[in-house]
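So you can see what is in the structure, the chains are spelled out below.
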Amino acid sequence: MFNNNNKTILLTGCAGFIGSNFVPYFLKKYENYNLVNLDVLTYAGDLENLKEVENHPRYKFIKGNICNRELVEFIFNGYDIQGVIHFAAESHVDNSIKNPGVFIETNVNGTFTLLDIAYRYWMEKPFKYRDRYLAANNDPLSTEASLPRFHHISTDEVYGTLSEDSNDLFTEKTPYSPNSPYSASKASSDMVVRSYVETYGMNCVVTNCSNNYGPKQHDEKLIPTIIRNALQGNPIPIYGDGKNIRDWLYVLDHCKGIDLVYHTGKTGETYNIGGRNEKTNLQIVNRICEILDEKVPRSSCHSELGSGSSYKELITFVADRAGHDRRYAIDATKLENELGWKADETFDTGIMKTVEWYLEKYK
Ligand SMILES: NC(=O)c1ccc[n+]([C@@H]2O[C@H](COP(=O)([O-])OP(=O)(O)OC[C@H]3O[C@@H](n4cnc5c(N)ncnc54)[C@H](O)[C@@H]3O)[C@@H](O)[C@H]2O)c1
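Sequence order sets the numbering: in each chain, residues are counted from 1 along the sequence as written. Only residues with pLDDT of at least 70 are given local features in this predicted model, and only at 80 or more are side-chain atom pairs given and counted; all residues enter the totals for whole chains, interfaces and linings.

A. Summary view of the overall build of the protein. A run of H or I in DSSP counts as a helix once it spans at least four residues, and a run of E counts as a strand once it spans at least two, with each numbered from the N terminus. Along its length, the protein carries 12 helices and 15 strands. Note on method: radius of gyration uses C-alpha positions; expected globular size equals 2.2 Å times residues raised to 0.38. Relative to its length of 363 residues, the protein is compact, with a C-alpha radius of gyration of 21 Å against a globular reference of 21 Å. Projected onto the principal axes, the alpha-carbon positions of the protein cover approximately 70 × 45 × 40 Å. For the protein, the proportion of its 363 residues judged to be buried stands at 44%. A residue pair is marked as a contact if its C-beta atoms, positioned from the backbone, fall within 7 Å. The contacts of the protein with a sequence gap of at least 6 include a subset with a gap of at least 24, amounting to 82%. Any residue with 12 or fewer other C-beta atoms within 10 Å of its own C-beta is exposed, any with 20 or more is buried, and the rest are partly exposed; the C-beta atoms used are placed from the backbone.

B. Focus on the nonpolar core. Formed by 85 residues in total, the largest nonpolar core has its most connected members in L10, L11, V23, V84, A230, V285 and I288. Top contributing element to this core by residue count: helix α9 (residues 281-295), with 6 residues. Sequence-distant contacts of V84, that is, excluding residues within four places in its chain, are made with I9, L10, L114, A118, F150 and H151. Joining buried Ala, Val, Leu, Ile, Met, Phe, Trp, Tyr and Cys residues through C-beta atoms within 7 Å gives a set, and that set is a nonpolar core.

C. Seen up close, unusual backbone geometry. Phi is positive for F127, close to 65°, though the residue is something other than glycine. Of note in this structure, R276 is not a glycine but carries a positive phi near 55°. Counting through the fold element by element, R276 comes out in the loop between β13 (270-273) and β14 (278-280). Assessed through the 17 C-beta atoms surrounding it within 10 Å, R276 is described here as partly exposed.

D. Representation of the site of the ligand within the structure. A molecule or strand has a residue near it when that residue's C-beta atom, placed from backbone coordinates, lies within 6 Å of it. In the vicinity of the ligand lie 31 residues, with G13, G16, A44, G45 and A89 positioned nearest. Breaking the shell around the ligand down by element, the ones donating at least two residues are α1 (17-29), β2 (33-39), α4 (101-122) and β7 (149-155). Ranked by the residues each element gives to the shell around the ligand, the list is headed by α1, at 3 residues. Counted by class, the shell around the ligand contains 14 nonpolar, 14 polar and 3 charged residues. In this count, Pro and Cys sit with the nonpolar residues alongside Ala, Val, Leu, Ile, Met, Phe, Trp and Tyr, while Asp, Glu, Lys and Arg are called charged and the others, Gly among them, polar.

E. Spotlight on the environment of K63. Its location among the elements puts K63 in strand β3 (residues 59-63). Judged by C-beta crowding, with 13 C-beta atoms within 10 Å, K63 ranks as partly exposed. Between the alpha carbons of K63 and A15 there is a distance of 9.9 Å; along the sequence they are 48 residues apart. Leaving out residues up to four positions away in the same chain, K63 has contacts with D39, V40 and L41.

F. Region of the structure containing the pairing of strand β1 (residues 7-12). Judged by how many residues are buried, β1 sits mostly within the fold: 5 of 6 residues are covered. Bridge count between β1 and β2: 6 bridges; the pairing is parallel. Across the sheet, residue L10 finds its bridge partner in β2, namely V36. Tracing the backbone out of β1, into α1 and back to the parallel element β2 gives a crossover that is right-handed. We treat two strands as partners when DSSP finds at least two bridges between them. Classification remark: right-handed applies to a crossover when, strands pointing away from the viewer, the course from the first strand over the helix to the second runs clockwise.

G. Looking closely at the packing of α9 against helix α12 (residues 347-362). Two elements in contact, α9 and α12, have axes whose closest approach is 11 Å; the angle formed by their N-to-C orientations is 60°. With respect to α12, the axis of α9 lies oblique. Note on packing geometry: the crossing formed by α9 with α12 is right-handed. Here R287, I288, I291, L292 and K295 of α9 lie close against α12, whose contacting residues are I351, M352, V355 and L359. Split into classes, the residues belonging to the contact of α9 with α12 amount to 7 nonpolar, no polar and 2 charged. The axes are straight lines fitted to the C-alpha atoms, using for helices just the contacting stretch, and the angles between their N-to-C directions are given from 0 to 180°. Should an angle lie under 35 degrees it is considered roughly parallel, over 145 roughly antiparallel, and from 65 to 115 roughly perpendicular; all remaining angles are considered oblique. Crossings are assigned a handedness: left-handed for a near helix turned anticlockwise from the far helix by less than a right angle, right-handed for a clockwise turn.

Encoded structure:
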């Protein structure tokens, strides 16, 4: 229990990459929230990511599964949860190809469980929040933003793949066309959220973000894989021809976008978040190798591999991922124009910070 009268928000999955960047940012920025982080600690969750806040008086970690209805109800009642920001998911496309079942379980059933409990806890009946939440707002002009809100974190992968025409971008109106079990499970969860808005009048928002990069990402993902293999002098695996395009966003810019939508987004709306940083995997790996060539020249860490040679020599093309989407790119105009969001990092500044963080981690 917390020792103050702040509102308590339930965060899910914040021992993972994005959530563990979000928690310290949010605790520092706002003094009027308590945060409960519910995370089952799959292979992707690591409490080391949250070391800096573990003893914070307004933060509490609970180990548990979002699919566990009894536990989630217990948390809502025990902490009088007045907002949810839902990060928890199985998130790695490759794993969803090998083992899709757990993606449906966590991403679809888990999201449904959270939504359904939030609905029953916050609302008396469809379109009617409980009086205590209306009264607590105490501002006659207050709108949905100050009612208990459910913010669902989703991905641009729900939109499928784009052509290579640079004018072709994902907007909030792009029809869903998910291609992997991961993106299908996220698309399904987005639809369940939508149904709680339409059917029950619940105060939900959804954000669909492009590929994130930055500190604390799991070793299995592209950028940590590149840096780790390079430093170990191992082949750096790149799928197919390396020309798949992703729109890369620095993780803290995503966190700031979530903060903005959670506080000022319109109920029932979806907002795309993306950095206008389209890069092929080859451009990513080349840029990282150039930074490493400068910061830790191969001669200094792998003298046996020959001095003066570039890490680029380690790039190795491997068989492509099944159903590999060719291109993702986000049009973030709605978030920029309606809510005033703008990414603070360019790819050049963000990737430099990222490489420096992993150099510390892998040294
Ligand atoms: N990483 C990206 O580039 C990216 C881009 C857009 C959207 N997203 C979305 O953002 C969210 C967070 O992504 P991430 O990269 O931080 O993921 P991640 O895999 O790093 O972390 C997921 C976290 O959820 C926890 N978790 C998994 N199943 C759970 C369950 N059943 N109950 C409770 N906790 C559970 C894990 O232990 C882990 O801590 C996801 O919903 C993902 O779909 C990610």
